[in-house]
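# Commentary on secondary and tertiary structure
Chain by chain, the residues:
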Amino acid sequence: MKKTLKDINVENKKILVRVDFNVPLDINLKITSDKRIVETLPTIEYLLKNDAAIILMSHLGRPNGKVVKRMSLEPVSKRLSELLNMSVKFIRSDCIGFESKKIAVNLKPGEIFLLENLRFHPGEEGKGVSGEKDIVTDIFSRQLASMGDIFVQDAFGTLHRSHASTTGIVKYVHDAAMGFLVEKELNFFYRVFKNLPSPIVAVLGGSKISDKMDIIENLLNKVDFVIIGGAMAYTFLKSQGISIGTSFVEDDKLDLALELIKKAKERKVDLLFPIDHIVTNKIDFMNKCVVRFKSDIKTTVDEAIPEEFMGVDIGPRTIEKFSEVIKSAKAIIWNGALGIFEISEFSKGTFEIAEFIAEATDNGSISVVGGGDSISSVKKAGVDKKISYISTGGGAFLEFLKGKELPGIAALPDLN
Ligand code: ADP
Ligand code: 3PG
Ligand code: MG
């Protein structure tokens, strides 16, 4: 058993807490779902009550070791300050630079300091570092550790990543434990997730194609149906020789897609793909936000997408096909929007599927939805209160299904 927050003495100590504040932001940098912040409040409030000084550490987006202004954690510091009704120290400066260290050194019990996005630094993931990746991440882990005494792991959504702030840091602090959010989510997944009633349907979408394709093979051992929508669908369609226009695709995953289709057949799991799409001829992306799109929007007659067009949502026939499967399910696991739901014209597929999942839950099925953007989509669809369980983890909860201990937990010390 791993140590939890209540197993350690935090009084008058500086606690480095890894949180997952990778929240969805709109084009105006407004947070569209603060659930990932709200869910860490029990840990933060406990530490405040027990006279600890708190240094919060998180990533936001994928800046790949460089400073990307739009991915600053500043909006998060403001929201956290509102939620706690107290000041939260934050500077838009290198998280292990002199200014940050000065604040950390002077931090008093009962005070909170949120470090700037860890992934602005190449040492967090080793991204953009040639050759000496391990040394760079190790130095970064030591630098982070030197700012506090004890490490608390409360980033459930990032437990599947082995980065400086999730695993590397542990060996350089005096003690470490999991926080209340990680404890709560793990309890749910061990208790309920492992014993879901059949038929089980997994609904997968979103934009992190390779990450999620890698876990499908494992899903095939646990579920009866896998519904594929979102950006991932086009890699599967292309692998079968279907034209996908300019849709998102990962060409190095085409063989894997074919292999997964074959394995699903062998294991008698139904793998369902879109049979029609909403497509548009141009979208400009800025980070996670879509800036603009040309007004040429069409619904395709079948799964083929015309040249110069990209798939941005599932079409009406697909919605119907997917909804039939969802209605028949006793358990539904969902991660990843089925289209670019942030734009109203491309949100119908995601919102309607959200409603079908809510309806199935009303009729007695268990529904589990997870992922930063997925949480935001069920909230936007107005059905978040109807879902049986909403997890702060997306990739992390899917990885959990593999049954192996996630790196962010494995690195923590055992309770003696
Ligand atoms: P989560 O945060 O729930 O784990 P992801 O981060 O993997 O999910 O993906 C969410 C994003 O996927 C959304 O912002 C959505 O706009 C995007 N997305 C969904 N469908 C498509 C598509 N067809 N093309 C491009 N992006 C898509
Ligand atoms: C997530 O949103 O799934 C987590 O914050 C992890 O983000 P990552 O996939 O960029 O590591
Ligand atoms: Mg996301």
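Above: the structure in question.
Because the structure is a prediction, the values reported are computed rather than measured.

Here the focus is the site of ligand 1. Around ligand 1 lies a shell of 18 residues, among which S207, K212, E342, D373 and S374 are the nearest. Within the backbone of G311, a nitrogen or oxygen atom sits 3.1 Å from a nitrogen atom of ligand 1. In the environment of ligand 1, an oxygen atom lies 2.4 Å from a nitrogen or oxygen atom belonging to the side chain of E342. Relative to its unbound accessible area of 580 Å², ligand 1 is 94% covered by the protein chains. Breaking the shell around ligand 1 down by element, the ones donating at least two residues are β14 (310-314) and α13 (372-380). When its residues are assigned to classes, the shell around ligand 1 shows five nonpolar, nine polar and four charged.

Another aspect to go through is the side chain of K14. Relative to the helices and strands, K14 is located in strand β1 (residues 14-18). No salt bridge is formed by the buried K14; the nearest opposite charge belongs to D149, separated by 6.5 Å. A polar contact of 2.9 Å, which involves the side chain of K14, links it to the backbone oxygen of V105. Apart from the residues within four sequence positions on either side, K14 is in contact with A53, I55, A104, V105, L107, M147, G148, D149 and I150.

Regular strands show a simple pattern: their side chains alternate between the two faces of the sheet. Counting buried positions along β1 gives five out of five residues, so the element sits mostly inside the fold. Across the two faces of β1 the burial is the same, with K14, L16 and R18 and I15 and V17 all buried. Note that β1 and strand β2 (residues 53-57) share five bridges and pair parallel. Bridging across to β2, L16 finds its partner in I55. Note: β1 against strand β5 (residues 150-153), four bridges, orientation parallel. The residue bridging R18 from the neighbouring strand is Q153, located in β5.

Here K212 lies in helix α8 (residues 209-219). For the buried residue K212, which engages in no salt bridge, the nearest side chain bearing the opposite charge is D211, 7.0 Å off. Dropping the residues within four chain positions of it, K212 is found in contact with G205, M232, N335 and L398.

Analysis parameters
Residues numbered from 1 in each chain as written. Chains lettered and ligands numbered in written order. Predicted model: local features only at pLDDT ≥ 70, side-chain atom pairs only at ≥ 80, totals over all residues. Heavy atoms only, no water. Near = heavy atom within 4 Å. Polar contact = N/O pair within 3.5 Å; in protein donor to acceptor, adjacent residues only side chain to side chain. Areas by Shrake-Rupley, 256 points an atom, 1.4 Å probe, with all protein chains shown as cover. Helix = DSSP H or I, 4+ residues; strand = E, 2+ residues; numbered from the N terminus. Nonpolar A, V, L, I, M, F, W, Y, C, P; charged D, E, K, R; others polar. Buried < 20%, exposed > 50% of the residue type's maximum accessible area, 1.4 Å probe, protein only. Lys, Arg positive; Asp, Glu negative; His and termini not counted. Salt bridge = Lys/Arg side-chain N within 4 Å of Asp/Glu carboxyl O. Contact = heavy atoms within 4.5 Å. Pairing = 2+ DSSP bridges.

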